[in-house]
Amino acid sequence: FEDRALESVTRLLRLIKPRSAMLVRYKEKGKSDEIVELVKKSVKEVEIVEYSNIAKKGIEDTSGDVLVDITGLAKPALFHGIRNVLKKNNKVWISYTMAESYYPLDAHIQKVLKAEEKRDNYALLEALRNVLTGERGPYNIYNLLSTSEVDESRRRVLCAFSSPKHERLLALLDERSYDRIELIAPEMKTPRDRLANIAAEVAMNNYCSAAINYFGSDDLTGVLPFLANQFGHWYVDNGFNFELALTGSKLQAVASAALCAVFKVSQCWYVAPQEFDVLRFTEGVGKTTFYEIARP
């Protein structure tokens, strides 16, 4: 339903000529008719799959060279799709078109932060609950990996992302307990960044063993090796069960999927809102970036 979803397909088909295409359909109709028409004009083999059918296991038929446009792809489908392709093909290409602006908007956040500047972080987050975020709770938590080979007697560490949609992270931490938490938050350059940092500080204060690490929400090349190093430190060197949470951006979800394709991650969590606010999710279209990820 986002403007950038249609534009991303338009840009992509100017550059490549796919042999086949698989489209994911959601319950929100959005711009689906325009996207289907556009793709069918350029691609001979087109398959449409329901999101509910691939949210748990993803797209398993990933033969050939595969490019995943993550722009309008929900994180469970994104996670399974990228992980499956990397495990089978050892390589995946990714296309991502940014929006011009994201909800909650910087102007909305700044207004609340200025009005509540003398209050503590807990009070700030409570005041910010009324800021439009593009989604509505309550939140449900889903596991994306099989747990059949996990040793539950081990201590547990969680690597999670803090974002302006702070309620996802806090909802997960209300449900599960950990011996160590490694939080990834953006450097404070904008009001949205400040909101993400406030949420990270609140989460950290609730645990005796937690740390905040700083990476931009679009820094795929920075956060992926960081996660790999964290896995080596906590799982390999210290024997912790290593868990991830898709509580950040789509590119951070890409990094998590890539990690899970290579390493024995104990679990990866997705926190789903009750519904999306299609009118207050993103606005406009930004730049498109392409990535290539390959297994070592």
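Residues numbered from 1 in each chain as written. Predicted model: local features only at pLDDT ≥ 70, side-chain atom pairs only at ≥ 80, totals over all residues. Heavy atoms only, no water.

Focus on the overall build of the chain
Okay, step 1: Helix and strand counts for the chain stand at 10 helices and 15 strands.
Okay, step 2: A globule of 296 residues ought to have a C-alpha radius of gyration of about 19 Å, and the chain, at 19 Å, matches this closely.
Okay, step 3: Counting only C-alpha atoms, the chain reaches 55 × 45 × 30 Å along its principal axes.
Okay, step 4: Looking at the 296 residues of the chain, the share that counts as buried comes to 52%.
Okay, step 5: Accessible surface, the chain: about 14,900 Å² in total, of which carbon and sulfur atoms supply 47%.
Okay, step 6: Of the charged side chains in the chain, 40 are positive and 40 negative; the average position of the first set lies 3 Å away from that of the second. (Helix = DSSP H or I, 4+ residues; strand = E, 2+ residues; numbered from the N terminus. Rg over C-alpha atoms; globule rule 2.2 N^0.38 Å. Buried < 20%, exposed > 50% of the residue type's maximum accessible area, 1.4 Å probe, protein only. Areas by Shrake-Rupley, 256 points an atom, 1.4 Å probe, with all protein chains shown as cover. Lys, Arg positive; Asp, Glu negative; His and termini not counted. Charge placed at Lys NZ, Arg CZ, Asp CG, Glu CD.)

Looking at the packing of aromatic side chains
How two aromatic rings sit relative to each other is set out by the distance from centre to centre and by the angle between their planes.
Okay, step 1: By the definition in use, this model includes seven aromatic pairs.
Okay, step 2: For the pair Tyr-26 and Tyr-51, a centre-to-centre distance of 5.2 Å together with 40° between the ring planes defines the contact as tilted. A residue pair is termed long-range when its members are at least 10 positions apart, and Tyr-26 in the loop between strand 1 (20-25) and helix 2 (32-42) and Tyr-51 in helix 3 (residues 51-54) qualify at 25 residues.
Okay, step 3: Given a relative accessible area of 24%, Tyr-26 falls into the partly exposed group.
Okay, step 4: Ring geometry for Phe-231 and Phe-263: centres 4.8 Å apart, planes at 15°, overall stacked. Of this pair, Phe-231 sits in helix 9 (residues 220-237) while Phe-263 sits in the loop between helix 10 (250-262) and strand 12 (267-272); the two residues are 32 residues apart in sequence, bridging distant segments of the chain.
Okay, step 5: A residue is classified by how much of its surface remains accessible, and Phe-231, at 5% relative accessible area, is buried.
Okay, step 6: Look at Phe-263 and you get partly exposed, because its relative accessible area is 33%.
Okay, step 7: Grouping aromatic residues by their ring pairs yields a cluster made of Phe-231, Tyr-235, Phe-242 and Phe-263. (Phe/Tyr/Trp six-rings, centres within 6.5 Å; stacked < 30°, edge-to-face > 60°.)

As for the packing of helix 9 against helix 10
Okay, step 1: In the contact formed by helix 9 and helix 10, the axes pass within 9 Å of each other and the chain directions differ by 40°. The hand of the helix 9/helix 10 crossing is right-handed. Of the residues in helix 10, those in contact with Leu-220, Val-223, Leu-224, Leu-227 and Ala-228 of helix 9 are Leu-251, Val-254, Ala-255, Ser-256, Ala-258 and Leu-259. (Axes fitted to C-alpha atoms, helices over the stretch in contact; angles between N-to-C directions. Left-handed = near helix turned anticlockwise from the far one by under 90°. Contact = heavy atoms within 4.5 Å.)

So, the pairing of strand 2 (residues 45-50)
Okay, step 1: Of the strand pairs in this sheet, strand 1 and strand 2 are connected by six bridges, and their pairing is parallel. From the neighbouring strand, Ala-21 faces strand 2, where its bridge partner is Val-46.
Okay, step 2: The parallel pair strand 1 and strand 2, bridged by helix 2, forms a crossover whose chirality is right-handed. (Pairing = 2+ DSSP bridges. Right-handed = clockwise from strand over helix to strand, strands pointing away.)

Some thoughts on the nonpolar core
Okay, step 1: Formed by 48 residues in total, the largest nonpolar core has its most connected members in Ile-70, Ile-82, Leu-227, Phe-242 and Leu-244.
Okay, step 2: For this core, the element with the highest residue contribution is helix 10, accounting for nine residues.
Okay, step 3: Excluding anything up to four places from it in sequence, Leu-244 contacts Leu-158, Cys-159, Leu-227, Ser-256, Leu-259, Cys-260, Val-265, Gln-267, Cys-268 and Trp-269.
Okay, step 4: Counting 21 residues, the second largest nonpolar core, distinct from the first, contains Leu-169, Leu-183, Ala-200 and Ala-245. (Core = buried A, V, L, I, M, F, W, Y, C linked by side-chain atoms within 4.5 Å.)

Quick notes on the sheet that holds strand 8 (residues 156-161)
The pairing of strands in a sheet comes from backbone hydrogen bonds and takes either a parallel or an antiparallel form.
Okay, step 1: Across the sheet, which stays open at both edges, the six strands sit in the order 7-12-11-8-9-10 with mixed pairing between neighbours. Every interior strand has two partners, whereas the edge strands, strand 7 (140-143) and strand 10 (210-214), have only one. This sheet shows a mean twist of 20° between the axes of neighbouring strands, independent of strand direction.
Okay, step 2: Relative to strand 12, strand 7 is paired through four bridges, and the arrangement is antiparallel. When the sheet's bridge partners are listed, Tyr-142 is paired in strand 12 with Tyr-270.
Okay, step 3: Running over the sheet, helix 7 (residues 167-175) touches strand 7, strand 8, strand 9 (180-185), strand 11 (241-245) and strand 12 and is turned about 120° from strand 12.
Okay, step 4: This element, helix 8 (residues 191-205), spans strand 9 and strand 10 of the sheet and lies at about 160° to strand 10.

Honestly, that's just the spatial picture; any functional story needs more than this.
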